[in-house]
Amino acid sequence: MRVRAVAPAVVRPLRQAVLRPHQTVAEQVYPGDDAAGAGHFAAYSEEDVVGVASITPEAHPHDPRPGDWRIRGMATAPEARGLGAGAELLTACLTHARAGGARRVWCNARSPVRAFYEREGFVVEGPEFTLPEIGPHFLMVLTL
């Protein structure tokens, strides 16, 4: 498994397949994908993309501070779960954000992956909430 920086278009097919199968690949262009400083990463097994994640400078939705960054579109193909792709992708995102001056990273984590983010040092802020057509989430934050 290797992780490398990629163009935003590389992450979108797996975003669609894993996170939003009810949408098209074209609908996987997230706000901030092309922002200055944004980073997009893919985990590869052989030549296949088996995990993706993006990070971009974006203010925390309830408590904005200088140095806020957001992780979005983190997804691992079912056949690659448990092999370390998620942790490697998260490390790549955090390294990129730190180099860009990040002080805090936040995400809307799907409820089933809450424990993954907690193992990586993130904490839950607030109650569980539901994003329409996507499902239950927690706002999670990591102070760098």
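Rules behind the numbers
Residues numbered from 1 in each chain as written. Predicted model: local features only at pLDDT ≥ 70, side-chain atom pairs only at ≥ 80, totals over all residues. Heavy atoms only, no water. Helix = DSSP H or I, 4+ residues; strand = E, 2+ residues; numbered from the N terminus. Rg over C-alpha atoms; globule rule 2.2 N^0.38 Å. Lys, Arg positive; Asp, Glu negative; His and termini not counted. Charge placed at Lys NZ, Arg CZ, Asp CG, Glu CD. Buried < 20%, exposed > 50% of the residue type's maximum accessible area, 1.4 Å probe, protein only. Pairing = 2+ DSSP bridges. Axes fitted to C-alpha atoms, helices over the stretch in contact; angles between N-to-C directions. Contact = heavy atoms within 4.5 Å. Right-handed = clockwise from strand over helix to strand, strands pointing away. Salt bridge = Lys/Arg side-chain N within 4 Å of Asp/Glu carboxyl O.

### Examining the overall build of the protein
Move 1: Helix and strand content of the protein: three helices and seven strands.
Move 2: Along the chain direction, N to C, the helices and strands of the protein fall in the order β-α-β-β-β-α-β-α-β-β.
Move 3: For 144 residues, the compact-globule estimate of 2.2 N^0.38 gives 15 Å, and the protein sits close to it at 14 Å.
Move 4: With the principal axes as the frame, the protein shows a C-alpha extent of 40 × 35 × 30 Å.
Move 5: Across the protein, 15 positive and 16 negative side-chain charges occur, with their mean positions spaced 4 Å apart.

### Focus: the environment of Ser45
Move 1: Inspection of the secondary structure puts Ser45 in strand E2 (residues 39-45).
Move 2: A relative accessible area of 33% places Ser45 in the partly exposed class.
Move 3: Separated by 35 residues in sequence, Ser45 and Ala80 place their C-alpha atoms 8.5 Å apart.

### Structural notes on the sheet that holds strand E7 (residues 135-143)
Move 1: Within the open sheet, the seven strands sit side by side as E1-E2-E3-E4-E5-E7-E6. Their pairing is mixed. Both outer strands of the open sheet, strand E1 (2-5) and strand E6 (123-131), are each paired with one neighbouring strand and no more. With strand direction ignored, the average angle separating the axes of adjacent strands in the sheet is 25 degrees.
Move 2: Pairing between E2 and strand E3 (residues 48-57): seven bridges, direction antiparallel. Residue pairing in the sheet places Phe41 in a bridge with Ala53 of E3.
Move 3: Strands E2, E3, strand E4 (68-76) and strand E5 (104-110) of the sheet are contacted by helix H1 (residues 8-19), whose axis makes an angle of about 105 degrees with E3.
Move 4: Sitting on the sheet, helix H2 (residues 85-99) touches E1, E2, E3, E4, E5 and E7, and the angle it makes with E4 is about 155 degrees.

### Quick look at the pairing of E4
Move 1: Here E4 lies mainly inside the structure; nine of its nine residues are buried.
Move 2: Summarising the sheet, E3 and E4 pair through six bridges and their orientation is antiparallel. Among the inter-strand pairings, Ser54 is bridged to a residue of E4, identified as Arg72.
Move 3: A crossover links E4 with its parallel partner E5, the connecting element being H2, and its sense is right-handed.

### Some details on the pattern of salt bridges
Two side chains of opposite charge can pair, provided their charged atoms sit close to one another.
Move 1: All told, the structure shown has eight salt bridges when counted by the stated rule.
Move 2: With a closest N to O distance of 2.7 Å, Asp63 and Arg65 form a salt bridge.
Move 3: In this structure Asp63 comes out as partly exposed when scored by relative accessible area, which is 32%.
Move 4: Residues Asp68 and Arg104 are paired through a salt bridge, measuring 2.8 Å at the closest nitrogen-oxygen approach. Linking Asp68 in strand E4 with Arg104 in strand E5, this pair joins segments that are 36 residues apart in sequence.
Move 5: A relative accessible area of 6% places Asp68 in the buried class.
Move 6: In this structure, a network of salt bridges that share partners links the residues Asp63, Arg65, Asp68 and Arg104.

### Thoughts on unusual backbone geometry
If a residue is not glycine, its phi is most likely negative; likewise, a peptide bond is most likely trans.
Move 1: We note that Glu46 has phi near 60 degrees; this positive angle belongs to a residue other than glycine.
Move 2: Take Glu46: it is sitting in the loop between E2 and E3.
Move 3: Here Glu133, not a glycine, exhibits a phi torsion of approximately 65 degrees, which is positive.
Move 4: One can find Glu133 in the loop between E6 and E7.
Move 5: Of the residues examined, Glu133 reaches a relative accessible area of 65% and is grouped as exposed.

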